[in-house]
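Take a look at the letters that make up each chain.
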Amino acid sequence: MIHGLAVSLLTFTLIYASLGNEIEEKSTSVTEEPKPHSASEEGRSCGCNFLNRAGVSSGSKSGVLFPEAAVKYTREANEPPVKNTKETARFNQMVLIPRGVFLMGTDEPAIPQDGEGPARRVHIQQFYMDMYEVSNLEFEHFVNATGHVTEVAAAPWWMPVKEANWRQPEGPDSSLADRLEHPVLHVSWNDAVAYCAWAKKRLPTEAEWEYACRGGLENRLFPWGNKLLPKDQHYANIWQGDFPAHNTGEDGYTETSPVTAFPPNGYGLYNMVGNAWEWTADWWSVHHSTDETHNPTGPATGKDKVKKGGSYMCHKFYCYRYRCVARSQNTPDSSASNLGFRCAADQLPDYLQ
């Protein structure tokens, strides 16, 4: 049975947030007008290129725009260590990703302007990756434990849908009652960093994310291979039908799906493409060297952060970004109704051992 309600056009209005300096600020101007693919596509977007606005460059090595806020969630500031509850233990699991070498990017980009190419040889040391996207249940545990206020909740004047936030994804009349197992949305990059620090983890680099997405496969479009529907089975939550007028929900969902839905890839990771975009640690750039690298971390500074994986709003003809090499960007203080994250770690946190 198709999960969820039919989605109105308003639902697809992506929700943004900007933490401004003046509380009375009522609107923020976008520095650059988005360019639709063609005249016939005017007003039709999954949000990949409509979420960017003037950002703040950071020269810090950590890439954290507000280090004074993030430090509240470090190990030293939050003893004793985090403990899994009976409810969150089901989702808060990590997978060891083995060290290896892979070809990052592609020489046959589907969206060249996104910087999908060129292909380059990259070495990755072993690390741990969350098996699932961070769920609403886990994020609620974090908020209850720390009192964290997300940037979208702190700056409601930015939101086209009044009072929408991670607890109320479509506004005051919505709730998480039937989607605690779904990915948390409406979280900025800064919110994701705060959660990861509290959980004794971090965001994955773009290289780590893409390496993990491939699940041990080389030169394949998706985490499971090149065919979108192997044996006519759905392996990801994406848009079917006429975007944005009607999502047929052939994959079982018209909005987000539980983080445990659909088969995992070769590394045991779920929903690496589709469902919700995922923040990475890297600053955004579309220029890449073909030089062989070891554990690259992206540019030292920038105004946007890289997000990967696409979402349930991605359709091949308007947002063919549910591929491992696909990428897009947002400012670190922005959030959206189809954007979440998962964590990585160099070592498995003590409370998960």
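Let me sum up the structure you'll find in this document. Please read these numbers as outputs of a predicted model, since none were measured by experiment. (Residues numbered from 1 in each chain as written. Predicted model: local features only at pLDDT ≥ 70, side-chain atom pairs only at ≥ 80, totals over all residues. Heavy atoms only, no water.)

**Details of the overall build of the protein chain**
Summing up its helical and strand segments, the protein chain has five helices and 12 strands in all. Summarising the internal contacts of the protein chain: among those between residues at least 6 apart in sequence, 77% fall at separations of at least 24. Per element, the accessible surface of the protein chain, about 15,900 Å² overall, is 52% carbon and sulfur. (Helix = DSSP H or I, 4+ residues; strand = E, 2+ residues; numbered from the N terminus. Contact = heavy atoms within 4.5 Å. Areas by Shrake-Rupley, 256 points an atom, 1.4 Å probe, with all protein chains shown as cover.)

**Quick look at the packing of helix α2 (residues 136–146) against helix α4 (residues 189–198)**
As a packed pair, α2 and α4 sit with axes 11 Å apart at the nearest point and diverge in direction by 80°. Considering their axes alone, α2 and α4 lie roughly perpendicular with respect to each other. Side by side, α2 and α4 meet where Glu138, Phe139, His141, Phe142, Ala145 and Thr146 of the first sit next to Ala194, Tyr195 and Trp198 of the second. Along the lines of polarity and charge, the residues of the contact of α2 with α4 split into six nonpolar, two polar and one charged. (Axes fitted to C-alpha atoms, helices over the stretch in contact; angles between N-to-C directions. Parallel < 35°, antiparallel > 145°, perpendicular 65-115°, else oblique. Nonpolar A, V, L, I, M, F, W, Y, C, P; charged D, E, K, R; others polar.)

**What to know about the nonpolar core**
One broad trend across soluble globular proteins is that nonpolar side chains are buried collectively. Ile97, Met129, Phe139, Tyr195 and Phe341 are the most contacted members of the largest nonpolar core, which totals 63 residues. Sorting elements by how many residues they give to this core places α4 first, with seven residues. The residues contacting Ile97, other than those within four sequence positions of it, are Gln126, Phe127, Met129, Tyr211, Ala212, Tyr267 and Leu269. Ranked by size, the runner-up nonpolar core spans five residues in total, among them Trp239, Tyr312, Met313 and Tyr318. (Core = buried A, V, L, I, M, F, W, Y, C linked by side-chain atoms within 4.5 Å. Buried < 20%, exposed > 50% of the residue type's maximum accessible area, 1.4 Å probe, protein only.)

**Thoughts on empty space enclosed by the protein**
Under the definition given, this model contains four cavities of 30 Å³ or more. The volume enclosed by the second largest cavity comes to roughly 80 Å³. Around the second largest cavity, the lining residues are Pro223, Trp224, Tyr235, Pro263, Pro264, Asn265, Leu269, Asn271, Met272 and Val273. Here the lining of the second largest cavity is built from residues that sort into eight nonpolar, two polar and no charged. (1 Å grid on protein atoms, 1.4 Å probe; cavity = no way out; pocket = protein on both sides within 12 Å on 5 of 7 lines; lining within 4 Å. Points joined across faces, edges and corners; volume = space filled by probe spheres on them.)

**A closer look at the side chain of Thr331**
Note on placement: Thr331 falls in the loop between β10 (328–330) and β11 (339–340). By relative accessible area, Thr331 is classed as buried at 0%. For Thr331, the side chain forms a polar contact with the side chain of Asp333, separated by 3.0 Å. (Polar contact = N/O pair within 3.5 Å; in protein donor to acceptor, adjacent residues only side chain to side chain.)

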